[in-house]
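Read off the chains here:
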Amino acid sequence: MPTPLPPNPFPPSAFHAAYQRCLALEAEAPHLEVLRACPAPIVCARILGHLLRLAPAGNGQGQLQREIATAVDNVELIKLAGDYLHHFIRAFKRSSGPTPQPSEHPSRPSFEDARQYSLALMNESTLDHRTARAAAKRRDNNCCMLTGDRDYQDGGDVWVDCAHIIPESTNRNIREEGKKQSHSASVWTILSMFADINILEELAGNRIHRLENIMSMERGCHTAFDELALWLKPVEVRSLDTYRTHASRPGVKEKRNIPDIVTFSTTTGFRLPNPTYLALHALCCEVAWMSGAAEYIMDIERRMDQTRVLAEDGSTADILSSALALVSTY
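Notes on the structure follow. (Residues numbered from 1 in each chain as written. Predicted model: local features only at pLDDT ≥ 70, side-chain atom pairs only at ≥ 80, totals over all residues. Heavy atoms only, no water.)

**Quick notes on the packing of aromatic side chains**
Here comes step 1: A full pass over the atoms with the stated rule returns 7 aromatic pairs.
Here comes step 2: Ring geometry for Y84 and F194: centres 6.4 Å apart, planes at 55°, overall tilted. In this pair, Y84 sits in helix α4 (residues 74–92) while F194 sits in helix α7 (residues 179–195), placing the two residues 110 residues apart along the sequence.
Here comes step 3: Measuring from centroid to centroid gives 5.8 Å for F88 and F92, while their planes differ by 90°, and the two rings are edge-to-face. Residue F88 and its partner F92 are located together in helix α4, separated by 4 residues, close to a single helical turn.
Here comes step 4: Judged by relative accessible area, F88 falls into the buried class, the value being 1%.
Here comes step 5: Connected via pairs of aromatic rings, a cluster forms that spans Y84, F88, F92 and F194. (Phe/Tyr/Trp six-rings, centres within 6.5 Å; stacked < 30°, edge-to-face > 60°. Helix = DSSP H or I, 4+ residues; strand = E, 2+ residues; numbered from the N terminus. Buried < 20%, exposed > 50% of the residue type's maximum accessible area, 1.4 Å probe, protein only.)

Given below as structure tokens:
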């Protein structure tokens, strides 16, 4: 649920001053105009404020602070929030179709099977969705990494999908020219900022299918994860691969039998999900729900589904404008 910005958490500093601007924008929001292709000013204020306080200390947080500080007025702050909505939050929110199923019934991994998958993973230029899915299912013993439920094709009673942490579509337009390529470059720039690593170098092209970016998930978990309704944060007092699960609302985890704590492990030697990628997804989810950006996106999608013909009096033009901003770069 949308959450008002808390009192300034920063000591006197440039970060304190930047956060004060977010608080001021939130206070003035009811009296400000809603800009084209941007959410309401109060949502914009909360996108910037929650992102500033939740972002890990480092280059990303510092860059956001400087962008807030150099914005000349509230209009520029609202546009800045719109940029982070479209190039960060929207980049993670996907409604992907069913994962393609292998043509063969998966058998239990033998040494030779594992060796062949290892060779494919070593030559990352040959990676694709199908290879990644098959390798991930072997790594995860054909089970959902969150619930432990076994895949239907391996004798279980659920369908287990291949879920990308950083969405596969992030690379879709990177080789194109114009607006779509510019959007992809902006997405990768923001992801690299908050990751403090060159994430484009790690995941560009076919490398988006690296096992470190893949999780085996029961289909309901996969949908919740892609819709930003489910995320994971590390449990620091435990092992490296132990996480606490979080959800956007009560019932999301209970309905799918997702435990509060999950620990990833494998006997294959294949790499487990990268904590940095999961941290980026978690940051996006928390800012999306605390700011109201998630509801903003869902409302546009819902209204577009319900609006078959635009009203002649122009009353639905705002829906079209917002929708075009959301989908034109994907």
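**Focus on the state of the cysteines**
Here comes step 1: Considering all chains together, one arrives at 0 disulfides under this definition.
Here comes step 2: C44 supplies the cysteine sulfur nearest to C38, a cysteine that is in no disulfide, at a spacing of 5.3 Å. (Disulfide = S-S within 2.5 Å.)

**Some thoughts on the packing of α4 against helix α11 (residues 275–291)**
Here comes step 1: At a minimum axis distance of 9 Å, the contact between α4 and α11 shows a crossing angle of 110°. Compared by their axis directions, α4 and α11 come out roughly perpendicular. Residues F88, I89 and F92 of α4 form the contact with α11, whose participating residues are L280, H281, L283, C284, V287 and A288. (Axes fitted to C-alpha atoms, helices over the stretch in contact; angles between N-to-C directions. Parallel < 35°, antiparallel > 145°, perpendicular 65-115°, else oblique. Contact = heavy atoms within 4.5 Å.)

**Section: the environment of G82**
Here comes step 1: Note on placement: G82 falls in helix α4.
Here comes step 2: Relative accessible area serves as the criterion here: at 2%, G82 is assigned to the buried category.
Here comes step 3: Sequence separation between G82 and P39 is 43 residues; the distance between their C-alpha atoms is 7.1 Å.

**Let's talk about the pairing of strand β4 (residues 242–247)**
Here comes step 1: Looking at chain direction, strand β3 (residues 230–234) and β4 are connected through 5 bridges and run antiparallel. By the bridge assignment, W231 is partnered in β4 with H246. (Pairing = 2+ DSSP bridges.)

**Brief notes about unusual backbone geometry**
Here comes step 1: We note that A37 has phi near 65°; this positive angle belongs to a residue other than glycine.
Here comes step 2: With respect to the helices and strands, A37 occurs in the loop between α1 (14–28) and α2 (41–54).
Here comes step 3: The backbone of N142 sits at a positive phi, close to 60°, despite the residue not being glycine.
Here comes step 4: The topology assignment puts N142 in the loop between α6 (129–139) and β1 (160–164).
Here comes step 5: In this structure N142 comes out as buried when scored by relative accessible area, which is 5%.

**Topic: the sheet that holds β3**
Here comes step 1: Ordered by their spatial adjacency, 3 strands build an open sheet running β3-β4-β5, and the pairing between neighbours is antiparallel. Edge strands, defined here as strands with exactly one partner in the open sheet, are β3 and β5 (261–263). Direction aside, neighbouring strands of the sheet carry axes that sit 35° apart on average.
Here comes step 2: Sitting on the sheet, α11 is in contact with β3 and β4, with an inclination near 125° to β3.

**What to know about the packing of helix α3 (residues 59–70) against α4**
Here comes step 1: Between α3 and α4, the least distance of the axes is 9 Å, while the angle of their chain directions is 150°. Looking at the two axes, α3 sits roughly antiparallel to α4. Contact residues: α3 offers L64, E67, I68 and T70, while α4 offers E76, L77, L80 and Y84.
Here comes step 2: The residue makeup of the contact of α3 with α4, split by class, is 5 nonpolar, 1 polar and 2 charged. (Nonpolar A, V, L, I, M, F, W, Y, C, P; charged D, E, K, R; others polar.)

**Comments concerning the nonpolar core**
Most often, soluble globular proteins keep nonpolar side chains buried together rather than apart.
Here comes step 1: The biggest cluster of nonpolar side chains holds 77 residues, and the ones touching the most others in it are Y84, I89, L146, I166 and F264.
Here comes step 2: When sequence neighbours within four positions are dropped, the list of residues in contact with I89 reads Y84, L228, C284, V287, A288, A293 and I297.
Here comes step 3: Membership of the second largest hydrophobic core comes to 7 residues, among which are C162, L211, I214 and F270. (Core = buried A, V, L, I, M, F, W, Y, C linked by side-chain atoms within 4.5 Å.)

**With respect to the pattern of salt bridges**
Side-chain pairs of opposite charge can arise where the charged atoms are in close proximity.
Here comes step 1: All told, the structure shown has 13 salt bridges when counted by the stated rule.
Here comes step 2: For R46, the salt bridge goes to E26, with nearest N and O atoms at 2.8 Å. With R46 in helix α2 and E26 in helix α1, the pair connects residues that are 20 residues apart, well separated along the chain.
Here comes step 3: For R46, a relative accessible area of 12% puts it in the buried group.
Here comes step 4: Given the relative accessible area of 13%, E26 is considered buried.
Here comes step 5: With a closest N to O distance of 3.0 Å, D161 and R219 form a salt bridge. You can see D161 sitting in strand β1 and its partner R219 sitting in helix α9 (residues 219–226), a full 58 residues away along the chain.
Here comes step 6: On the accessibility criterion, D161 (3% relative accessible area) is buried.
Here comes step 7: Judged by its relative accessible area of 28%, R219 is partly exposed.
Here comes step 8: Overlapping salt bridges bring together R90, K93, E227 and E301 as one network. (Salt bridge = Lys/Arg side-chain N within 4 Å of Asp/Glu carboxyl O.)

Treat this as a map of the structure, not an account of what it does.
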